[in-house]
Amino acid sequence: MSTGVLLLSMAACGLATFLIRLSFIAFGHHLPNDPRFTAALRYVPPAILGALIAPEIFALNGSVSLAPDNPRLWAALAALLAARLTRSVLATIAAGMVALWMVQAGLG
C-alpha cells in the first residue's frame, strides 16, 4: 500500500468520524426528548466497547475459545476484577496487560 493511499484512507476515516459526531451536534434537536430514549442511549458506549473487545478476547487462532489455555480470557478476567475494585481505567489496563504477559510467559 502506498503512502498516498494510506494518508487518503486516514483522512477519509477522520472525515467520516467528524461528520458522524457533527450530525449529533447539528441535528440533535430532532432527537426525541423522551426519558426512555435518553436512558437507552446510555447503553450505546458499553455495547460498542463490548463489540470491539469481545472478538479479541474470545477468538483464538480463528475460532471461539473459552478454554483455560486462552491467555486473553485470563487477562480479561484480571482486568474486570481490577475495574470492579479500583474503578480506574489505568489500573484496569495495567492489570489486564500484566496478567496477559504473565500468562503468556507461563508465570500465571
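Shown above is the structure to which this text applies.
Here the structure is a predicted model, which means the values were calculated and not measured. (Residues numbered from 1 in each chain as written. Predicted model: local features only at pLDDT ≥ 70, side-chain atom pairs only at ≥ 80, totals over all residues. Heavy atoms only, no water.)

A. Inspection of the overall build of the protein chain at higher detail. Helix and strand counts for the protein chain come out as 5 helices and 2 strands. Of the regular secondary structure in the protein chain, the N- to C-terminal order runs α-α-α-β-β-α-α. In terms of C-alpha radius of gyration, the protein chain reaches 19 Å, well past the compact-globule figure of 13 Å for 108 residues. Put simply, the protein chain has 108 residues, and 12% of those count as buried. Here the analysis covers contacts within the protein chain between residues at least 6 apart in sequence; of these, 22% occur between residues at least 24 apart. Surface accessibility of the protein chain: about 8800 Å² in total, with carbon and sulfur atoms responsible for 74%. (Helix = DSSP H or I, 4+ residues; strand = E, 2+ residues; numbered from the N terminus. Rg over C-alpha atoms; globule rule 2.2 N^0.38 Å. Buried < 20%, exposed > 50% of the residue type's maximum accessible area, 1.4 Å probe, protein only. Contact = heavy atoms within 4.5 Å. Areas by Shrake-Rupley, 256 points an atom, 1.4 Å probe, with all protein chains shown as cover.)

B. Molecular detail of the layout of surface pockets. In this structure, the largest pocket occupies an estimated 560 Å³ of space. Forming the boundary of the largest pocket are 20 residues, of which Ile-53, Ile-57, Ala-75, Ala-76 and Ala-79 lie nearest the centre. Those elements that place two or more of their residues in the lining of the largest pocket are helix H3 (44-58), helix H4 (71-86) and helix H5 (89-105). Taken together, the residues of the lining of the largest pocket break down into 15 nonpolar, 3 polar and 2 charged. (1 Å grid on protein atoms, 1.4 Å probe; cavity = no way out; pocket = protein on both sides within 12 Å on 5 of 7 lines; lining within 4 Å. Points joined across faces, edges and corners; volume = space filled by probe spheres on them. Nonpolar A, V, L, I, M, F, W, Y, C, P; charged D, E, K, R; others polar.)

C. Geometry of the environment of Leu-81. When you line up the elements, Leu-81 lands in helix H4. Looking at Leu-81, the relative accessible area reads 52%, which means it is exposed. Sequence separation between Leu-81 and Ala-95 is 14 residues; the distance between their C-alpha atoms is 8.7 Å.

D. Main features of the packing of H3 against H4. Interhelical geometry of H3 versus H4 gives an angle of 130° and a closest axis separation of 7 Å. On the basis of the axis angle, H3 is oblique to H4. Counting all contacts with H3, which are made through Glu-56, Ile-57 and Phe-58, the residues of H4 involved are Arg-72, Leu-73 and Ala-76. For the contact of H3 with H4, a count of residues per class yields 4 nonpolar, no polar and 2 charged. (Axes fitted to C-alpha atoms, helices over the stretch in contact; angles between N-to-C directions. Parallel < 35°, antiparallel > 145°, perpendicular 65-115°, else oblique.)

E. Looking closely at the pattern of salt bridges. What the rule picks out here adds up to 2 salt bridges. With its nearest N and O atoms 3.2 Å apart, the salt bridge here joins Asp-34 to Arg-36. With relative accessibility at 66%, the residue Arg-36 sits in the exposed group. When the shortest N-O distance is used, the salt bridge between Glu-56 and Arg-72 registers 3.7 Å. Placement of the pair is Glu-56 in helix H3 and Arg-72 in helix H4, with a sequence separation of 16 residues. Given the relative accessible area of 35%, Arg-72 is considered partly exposed. (Salt bridge = Lys/Arg side-chain N within 4 Å of Asp/Glu carboxyl O.)

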